[in-house]
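Per-entry structural report
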Amino acid sequence: MTFFFPLSRNLFTTQTIRYYTSAAVLDSPFNLLHFLHLSATHESLRLTKQAHARVLSLGLTQNPFLASKLLSLYAFFGHLIESRVVFDSVKEKNICLWNSVINGYLKSYSFIEAFDLFCKMGHFNAKPDDFTLATVSKVAGEIGDLKVGNLVHCKSIKTGFVLDVVVSNSLISMYGKCGEFEGMKKVFDEMFERNVGSWNALISGYANAGDCRLGKDLWEVVKNMQIDGVKLNGFTISSLLPLSGNEEVTRRCDYGRELHCYILKNELDSACGSDVHLGCCLIDMYSRNSKVLMGRNVFDRMRFRNVYAWTAMINGYVDNGDFDEALVLFQEMQLRDGIEPNKVSLVNVLPACSSYAGLMAGKQIHGYAIRKELSHDVALCNALIDMYSKCGSLNCAKQVFENGLFCKDSISWSSMICAYGLHGKGEEAMCLFDQMLLLGVKPDMITVVGVLSACRRSGLVNKGLSIYKSITNDYGMKPTVEICACVVDMLGRSGQLDRALDFIKTMPVEPGPSVWGALVSASVMHENLEMQDLAYRFLIQLEPENPSNYVSLSNLHASSKRWNAVAGLRKMMKERGLRKAPGCSWISMNGKTHCFYVADKAHPHSSSIYEILDDLIFIMKGAGYPTDFEELTQITSY
DNA sequence: ATAGGGTTAG
């Protein structure tokens with residue numbers, strides 16, 4: 001059995017701490033401040049607390065320099081209460097102190113508290129300055145509240161701080177995050193003086209919009225930036241890298257590699273602090289473009305890897321189906337670098353349990369999440385529901401869904417509905433869907449696909465069709481190709497092939513491969529040769545590059561012994577240079593996963609496995625089961 | 001003398 005959570009190592013030895021405590025002479029405010037600086041560079045809460053104790057015992061609580069550094073540090077460690085206590089205990093609060101405490105809340109994602117304090121400044125006769133406005137503008141962007149954003153903008157104009165480059169940059173970013181692109185452009189255009197950050201804020205605004213129309217503006221901006229003589233830096237590139245793979249916006253096939261070259265040529269990867277982040281973006285870009293090995297290359301060359309970098313790499317492997325390597329890295333992250341996974345790491349690695357490592361690994365991750373008090377996170381709970389249902393434990397999935405420790409979103413409902421569907425419990429899935437609607441949770445496309453799949457698996461054709469009608473009529477949703485494929489599958493499986501074909505002809509979206517594929521499987525199931533041929537013709541027309549279509553069709557011909565047709569298809573595949581990646585099966589035993597391909601003799605116990613297989617076939621034949629093993633062998637070992 | 005801000009993530 002593999003353990004994914006080794007004991008954590010304490011990277012801070014007692015000697016180091018003793019060194020720092022003895023090296024600093026902690027009797028003057030200046031030395032204490034220096035000591036706090038050391039606590040910050042070593043990210044040590046313990047040293048921070050020692051400094052705090054010293055501040056208290058020397059009666060230096062009213063020193064504004066010490067107080068602001070102390071409260072910032074507490075906020076950095078997530079100790080917001082201590083941070084607030086330090087702030088509250090200072091009687092004469094200067095503007096730096098206000099800015100530090102508001103920024104502390106911002107960095108700890110406590111946006112409402114941050115804004116609340118900003119609003120209270122007036123009662124204390126404190127006037128916001130450029131630092132305050134830049135910070136609160138970011139707060140508005142983070143919560144995506146345009147009203148708050150406009151308020152900060154007005155205040156900046158009134159006080160004249162809008163002339164400060166950083167304040168304006170922050171406003172640009174805020175408008176971008178609120179989706180108010182006109183406002184964003186206006187702030188930028190009206191700027192009196194701009195720096196690279198101004199351009200970056202504008203570019204990231206357009207880049208994150210995910211809107212092709214704005215994508216055009218984006219390239220204009222990048223061009224104008226260069227005309228203006230401002231060089232692209234690490235921030236710029238990391239905004240542009242996530243667009244690689246989006247053909248609509250980039251219109252270039254090797255766009256991601258171009259940006260990678262730019263990084264190397266301009267040595268942006270060695271610029272202090274930005275190399276980790278750029279590395280993450282590169283890994284992500286390569287994984288998204290199915291070049292996970294290129295991503296690994298970047299990962300291996302990074303001089304410093306944080307939890308983001310490890311998680312990006314793990315996610316790359318999971319997305320590309322290499323679950324084994326993902327799990328190896330998940331362990332190495334902890335063993336080699338002593339880095340603890342956070343909730344995103346766990347969410348990303350859970351699909352590897354569903355598909356590869358199995359229930360026990362998934363349970364370990366669940367246990368770890370509970371110990372680290374991460375099990376209230378909705379994304380993690382959703383991933384757990386999904387994992388448990390795919391690992392065969394509907395009960396555990398139900399327990400996570402029903403325990404009420406997290407705030408359910410539409411994904412939680414969808415995951416549980418899908419779980420019931422996967423386990424053949426159509427009635428329960430329908431029931432949950434109704435409950436969701438009653439509670440006013442808005443279903444999305446995924447929910448509908450989930451409930452329709454559940455219906456088709458359980459043969460609830462009429463109920464499925466009525467749901468289909470109600471989502472279009474009552475909820476005004478435009479059905480997606482996937483939803484239509486579900487309907488085709490539902491009708492097809494129940495034997496209503498002609499009705500399925502009629503549906504395809506009248507459905508509101510262009511039928512894609514999934515739709516014809518559903519009709520193919522249904523017509524195979526019901527042995528309707530005419531329909532099979534028809535559906536396959538559309539499928540191959542839509543996906544001439546997908547080898548699976550040819551192989552399936554050829555297998556179909558083989559099953560009815562039409563060998564000429566088989567040979568013709570195989571020839572066509574060869575001419576088009578298509579090869580199908582072989583499928584495989586695997587089984588986990590005693591924590592080790594064994595993988596098998598067709599006619600695979602690579603396993604060390606191969607001969608005894610085949611012996612048992614032969615015995616089983618013999619027994620099956622004896623028991624009168626119909627067997628076409630000869631034919632199967634003929635097809636698969638082709 | 002010493003403190004506080006913006007543009008980037010999985």
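Residues numbered from 1 in each chain as written. Chains lettered and ligands numbered in written order. Predicted model: local features only at pLDDT ≥ 70, side-chain atom pairs only at ≥ 80, totals over all residues. Heavy atoms only, no water.

Side note on the overall build of chain A
- Helix and strand counts for chain A come out as 36 helices and 2 strands.
- When the backbone C-alpha atoms are referred to their principal axes, chain A occupies close to 90 × 55 × 55 Å.
- Counting only residues that meet the buried cut, chain A has 44% of its 638 residues in that class.
- Taking contacts inside chain A between residues at least 6 apart in sequence as the whole, the part at least 24 apart equals 57%.
- In the form shown here, chain A has an accessible surface area of approximately 34,300 Å², with 56% of it arising from carbon and sulfur atoms. (Helix = DSSP H or I, 4+ residues; strand = E, 2+ residues; numbered from the N terminus. Buried < 20%, exposed > 50% of the residue type's maximum accessible area, 1.4 Å probe, protein only. Contact = heavy atoms within 4.5 Å. Areas by Shrake-Rupley, 256 points an atom, 1.4 Å probe, with all protein chains shown as cover.)

Digging into the protein's contact with DNA strand B
- The environment of DNA strand B is formed by 46 residues, the closest being F30, N99, D129, N169 and H277.
- Sugar and phosphate atoms form 35% of the subset of DNA strand B atoms that lie within 4 Å of the protein.
- Within the side chain of S204, an N or O atom sits 2.9 Å from a phosphate oxygen of DNA strand B.
- With respect to DNA strand B, the side chain of S238 contributes an N or O atom lying 3.2 Å from a base oxygen.
- Grouping the amino acids of the surface near DNA strand B by side-chain chemistry returns 16 nonpolar, 23 polar and 7 charged. (Near = heavy atom within 4 Å. Polar contact = N/O pair within 3.5 Å; in protein donor to acceptor, adjacent residues only side chain to side chain. Nonpolar A, V, L, I, M, F, W, Y, C, P; charged D, E, K, R; others polar.)

Concerning the side chain of S415
- Assignment of secondary structure puts S415 in helix α25 (residues 410-422).
- If we skip the residues at most four places from it in the chain, S415 touches N382 and I385.

Points about the environment of G78
- Note that G78 resides in the loop between α4 (64-76) and α5 (80-89).
- Judged by its relative accessible area of 48%, G78 is partly exposed.
- For the pair G78 and K107, spaced 29 residues apart in sequence, the C-alpha to C-alpha distance is 8.8 Å.

A few points about the packing of helix α21 (residues 343-357) against helix α23 (residues 378-390)
- Two numbers describe how α21 lies on α23: the axes approach to 9 Å, and their chain directions differ by 10°. Here α21 is positioned roughly parallel relative to α23, judged by the angle of their axes. Between α21 and α23, the residues in contact are K343, L346, V347, L350, C353 and S354 and A379, L380, A383, L384, M387 and K390, respectively.
- A breakdown of the residues in the contact of α21 with α23 according to their chemical character gives 9 nonpolar, 1 polar and 2 charged. (Axes fitted to C-alpha atoms, helices over the stretch in contact; angles between N-to-C directions. Parallel < 35°, antiparallel > 145°, perpendicular 65-115°, else oblique.)

A short note on the environment of T311
- Mapped onto the fold, T311 is located in helix α19 (residues 307-319).
- The buried category is assigned to T311, whose relative accessible area is 7%.
- Setting aside its immediate chain neighbours within four residues, T311 contacts V344, S345 and N348.

Some details on the pattern of salt bridges
- Within the structure shown, the criterion is met by 18 salt bridges.
- Close ionic contact of D300 with R296 constitutes a salt bridge, the shortest N to O distance being 3.0 Å. In this pair, D300 and R296 both sit in helix α18 (residues 292-301), 4 residues apart, roughly one turn of the helix.
- Exposure remark for R296: the relative accessible area of 17% places this residue in the buried category.
- Here R493 and D489 are joined by a salt bridge, their closest N and O atoms 2.7 Å apart. Here R493 and its partner D489 are both found in helix α29 (residues 481-493), 4 residues apart, which amounts to about one turn of the helix.
- Owing to a relative accessible area of 7%, D489 belongs among the buried residues under this scheme.
- Here the residues in one salt-bridge network are K138, E142 and K177, joined through shared partners. (Salt bridge = Lys/Arg side-chain N within 4 Å of Asp/Glu carboxyl O.)

Details of the UniProt feature "repeat: PPR" (unreviewed entry) in chain A
- When the UniProt feature table is mapped to this numbering, "repeat: PPR" (unreviewed entry) covers residues 94-128, 164-198, 306-341 and 409-443.
- Overall, residues 94-128 shows 66% helix and 0% strand. The separation of its end C-alpha atoms is 11 Å.
- Within the segment residues 164-198, helix and strand shares are 71% and 0% respectively, and the terminal C-alpha atoms sit 11 Å apart. (UniProt positions renumbered as here; feature names shortened; annotations may be inferred.)

Quick notes on unusual backbone geometry
- A positive phi angle is found at E43, which is not glycine, with a value near 45°.
- Its place among the elements puts E43 in the loop between α2 (29-41) and α3 (45-57).
- Exposure remark for E43: the relative accessible area of 53% places this residue in the exposed category.
- A positive phi is found at E267, a non-glycine position, where the angle reads about 50°.
- Relative to the assigned elements, E267 resides in the loop between α16 (255-265) and α17 (275-288).
- Assessed through its relative accessible area of 55%, E267 is described here as exposed.

Here we look at the packing of α19 against helix α20 (residues 323-337)
- The geometry of α19 relative to α20 is characterised by a closest axis approach of 7 Å and an angle of 165° between their N-to-C directions. The angle between α19 and α20 places the two elements in the roughly antiparallel class. You can see that α19 and α20 cross each other, and the crossing is left-handed. Contact residues: α19 offers W310, M313, I314, Y317 and V318, while α20 offers F323, E325, A326, L329, F330, E332, M333, R336 and D337.
- Tallied by class, residues from the contact of α19 with α20 come to 10 nonpolar, no polar and 4 charged. (Left-handed = near helix turned anticlockwise from the far one by under 90°.)

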